[in-house]
Amino acid sequence: MNAADFVRANTVLAAPPLVPEIALHLATEVTPLWQATEDFLQSNKMPPPYWAFAWPGGQALSRWLLDNPGRVRGRRVLDFAAGSGLSGIAAAKVGALAEAAEIDAFSIAAIRLNAEANDVDIGVVTEDVVGGGNRGWDLVVAGDVCYERPMAERVFAWFRALAADGVEVLMADPGRSYLPPHGLLRLATYVVPCSTDLEDRAIRDTSVYKVVG
């Protein structure tokens, strides 16, 4: 079974609560998918199936992109650490030239399947882009990247460098522990319904921020 077949076999097409315009291959139950992934990838040291869930940050960011098409249309957009590709799909739906950056083979398969399900084109960048220069992006977006300190610090330093170079960078976060306390301008806040299998509450207030370089 290849990655695309695994995604199809363990998910159903469904719309995230805050973004009913977009259908994604999502897991209906958390524990069975986690177990299936661990069994399937035991010898490969691959990450957990974050791609199978619409996390609060991705939902809030996608809602903002869909509701602000004038800020997105015609621009080259990178959905960083894209997971399911939700935000890249939202950008593409309002007329952006969208790419998704992911290094997990199962995320990459999910992004391609989700793009196909929504009849949009998404380019996929499969190497680690953090710390590199701008590849022609006008807008870089990222949801829920502040859940671990090393990643949050490394990524935010890169985001600020991109912002200082003239790239617009947007982050969405539901109050994770390592959200930077400075260098962010809040644009909007959404109430996002959540699965209590994944979060510690049924809803999370999730904000979209612009990174200030």
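Below is a summary of the structure that appears in this document.

About the criteria used
- Residues numbered from 1 in each chain as written.
- Predicted model: local features only at pLDDT ≥ 70, side-chain atom pairs only at ≥ 80, totals over all residues.
- Heavy atoms only, no water.
- Salt bridge = Lys/Arg side-chain N within 4 Å of Asp/Glu carboxyl O.
- Helix = DSSP H or I, 4+ residues; strand = E, 2+ residues; numbered from the N terminus.
- Buried < 20%, exposed > 50% of the residue type's maximum accessible area, 1.4 Å probe, protein only.

**What to know about the pattern of salt bridges**
Okay, so step 1: Summed over all chains, the structure comprises ten salt bridges.
Okay, so step 2: Across the pair arginine 71 and glutamate 168 runs a salt bridge, and its minimum N-O distance is 2.6 Å. With a gap of 97 residues between them, arginine 71 in the loop between helix 3 (56-67) and strand 3 (76-80) and glutamate 168 in strand 7 (residues 168-173) connect regions that are remote in the sequence.
Okay, so step 3: The class of arginine 71 is partly exposed, set by a relative accessible area of 34%.
Okay, so step 4: With a relative accessible area of 9%, glutamate 168 lands in the buried category.
Okay, so step 5: A salt bridge links arginine 135 to glutamate 127, with the nearest nitrogen and oxygen atoms 2.7 Å apart.
Okay, so step 6: The structure contains a network of salt bridges with shared partners spanning Glu21, Arg63 and Asp67.

Any functional reading would require information that these geometric values do not contain.
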